[in-house]
Amino acid sequence: DVQGAYDATLHLLAKGHQRIAFIGNLQFAWFERCAQGYRRAMDEAGLEANCVEVHSDGSELGYLGMKALLNRKDPVTAVLAGSDQVAMGVVNALRESSLSIPDDISVVGFNDTHGSLFYPALTSVREFPEELGRHMAEFVLKRLQTPTLPPQSLTMPTRLVPRDSVAAPSVRR
């Protein structure tokens, strides 16, 4: 989660974005880990992090978070949503406000569960839950065979899947 969000933020920075927001519910560990990666990339770029925390979930979280961002004086040019479901809410709020993706605001999701179903197709960070599940099952079986094994950990790689929802910031922004 940390590395995936870091990579997604670097992607937005490489496109020229500087006013990037992260939307998520930091009460949940996976959103907090994503926020850590986002903050690290923003800090390394010398930019101020802008985490919008909404205590909700799914598309409602993204919708309310994006509405809050749209009411601020300093508009963002890009949003990293903590999940593809959150990104769905972001997209709905932007469309309701007659803003275009990516012409007005670029959007990146996380987990790539719905990315290819969006229009425009959503740039997203792909996770590999099947592979993670397989490793977790192996850990459980090893623990059952040898209960005294020390705790094990595993870091699963992620992959950014660039699609049509990200472009360089326009002059209008």
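Every value quoted in this text rests on a predicted model; they were computed, and no experiment measured them.

**Topic: the overall build of the protein**
Then, in step 1: On a plain count of helices and strands, the protein comes out with five helices and six strands.
Then, in step 2: Shown N-terminal to C-terminal, the secondary structure of the protein runs as helices and strands in the order α-β-α-β-α-β-α-β-β-α-β.
Then, in step 3: Counting only C-alpha atoms, the protein reaches 60 × 35 × 30 Å along its principal axes.
Then, in step 4: Counting only residues that meet the buried cut, the protein has 42% of its 173 residues in that class.
Then, in step 5: Across the protein, contacts joining residues at least 24 apart in sequence account for 74% of those joining residues at least 6 apart.
Then, in step 6: Looking at the protein as shown, the accessible area adds up to about 9200 Å², and 53% of this sits on carbon and sulfur atoms.
Then, in step 7: Looking at charge distribution, the protein has the averaged site of its 17 positive side-chain charges lying 2 Å from that of its 20 negative ones.

**Some remarks on the nonpolar core**
Side chains of nonpolar character tend, in soluble globular proteins, to be buried together.
Then, in step 1: By size, the foremost hydrophobic cluster in this structure holds 41 residues, and its most contacted members are Phe22, Ile23, Met66, Leu69 and Val79.
Then, in step 2: Elements with a minimum of two residues in this core: helix 1 (2-14), strand 1 (20-24), helix 2 (29-44), helix 3 (58-70), strand 3 (78-81), helix 4 (84-96) and strand 4 (106-111).
Then, in step 3: Beyond its immediate sequence surroundings of up to four residues, Leu69 is in contact with Ala21, Ile23, Asn50, Val52, Val76 and Val79.

**Some points on the side chain of Thr123**
Then, in step 1: Note that Thr123 resides in strand 5 (residues 123-126).
Then, in step 2: A polar contact is formed between the side chain of Thr123 and the backbone nitrogen of Arg163, at a distance of 2.8 Å.
Then, in step 3: Among all residues touching Thr123, those that are not within four sequence positions of it are His11, Val107, Val108, Gly109, Leu160, Val161, Pro162, Arg163, Asp164, Ser165 and Val166.

**Structural notes on the pattern of salt bridges**
Then, in step 1: Applying the stated criterion across every chain, the model contains seven salt bridges.
Then, in step 2: Note that Glu32 and Arg39 form a salt bridge whose closest N and O atoms lie 3.3 Å from each other.
Then, in step 3: Residue Glu32 is classed as partly exposed on the basis of its relative accessible area, which comes to 24%.
Then, in step 4: Accessibility expressed as a relative area gives 30% for Arg39, which makes it partly exposed.
Then, in step 5: A cluster of three or more residues bridged by salt bridges with shared partners is formed by Asp112, Arg126 and Arg163.

**Side note on the confidence of the model for the protein**
Then, in step 1: Per-residue confidence for the protein gives a mean pLDDT of 91; residues scoring 70 or more make up 95%.
Then, in step 2: Mean pLDDT values over the elements of the protein span from 75, in helix 5 (residues 129-145), up to 98, in strand 3.

**Re the environment of Asp1**
Then, in step 1: Relative to the helices and strands, Asp1 resides in the segment before helix 1.
Then, in step 2: Of the residues examined, Asp1 reaches a relative accessible area of 22% and is grouped as partly exposed.
Then, in step 3: Distance from Asp1 to Pro157, taken between C-alpha atoms, is 8.9 Å for residues 156 residues apart in sequence.

**A short note on the sheet that holds strand 3**
Then, in step 1: Taken together, the six strands give an open sheet; going across it, the order is 2-1-3-4-5-6, and neighbouring strands pair in mixed fashion. Only two strands of the sheet have a single neighbouring strand rather than two, namely strand 2 (51-53) and strand 6 (159-161). Looking at each pair of strands side by side, their axes are set apart by 20° on average, direction ignored.
Then, in step 2: Relative to strand 4, helix 1 is tilted by about 165°, and along the sheet it contacts strand 1, strand 3, strand 4, strand 5 and strand 6.

**Side note on the packing of aromatic side chains**
Then, in step 1: If you walk through the whole model with that rule in mind, you get four aromatic pairs.
Then, in step 2: Measuring from centroid to centroid gives 5.1 Å for Phe28 and Trp30, while their planes differ by 20°, and the two rings are stacked.
Then, in step 3: Considering the side-chain rings of Trp30 and Phe31, the 5.9 Å spacing of their centres and the 45° angle between planes classify their relative orientation as tilted.
Then, in step 4: Taken together through their ring pairs, the aromatic side chains of Phe28, Trp30 and Phe31 make up a single cluster.
Then, in step 5: Its guanidinium or amino end placed over the ring of Tyr6, Arg40 lies 3.7 Å from that ring's centre, counting from NZ or CZ.

Definitions and cut-offs
- Residues numbered from 1 in each chain as written.
- Predicted model: local features only at pLDDT ≥ 70, side-chain atom pairs only at ≥ 80, totals over all residues.
- Heavy atoms only, no water.
- Helix = DSSP H or I, 4+ residues; strand = E, 2+ residues; numbered from the N terminus.
- Buried < 20%, exposed > 50% of the residue type's maximum accessible area, 1.4 Å probe, protein only.
- Contact = heavy atoms within 4.5 Å.
- Areas by Shrake-Rupley, 256 points an atom, 1.4 Å probe, with all protein chains shown as cover.
- Lys, Arg positive; Asp, Glu negative; His and termini not counted.
- Charge placed at Lys NZ, Arg CZ, Asp CG, Glu CD.
- Core = buried A, V, L, I, M, F, W, Y, C linked by side-chain atoms within 4.5 Å.
- Polar contact = N/O pair within 3.5 Å; in protein donor to acceptor, adjacent residues only side chain to side chain.
- Salt bridge = Lys/Arg side-chain N within 4 Å of Asp/Glu carboxyl O.
- pLDDT = per-residue confidence, 0-100.
- Pairing = 2+ DSSP bridges.
- Axes fitted to C-alpha atoms, helices over the stretch in contact; angles between N-to-C directions.
- Phe/Tyr/Trp six-rings, centres within 6.5 Å; stacked < 30°, edge-to-face > 60°.
- Lys NZ or Arg CZ within 6 Å of the ring centre and 35° of its normal.

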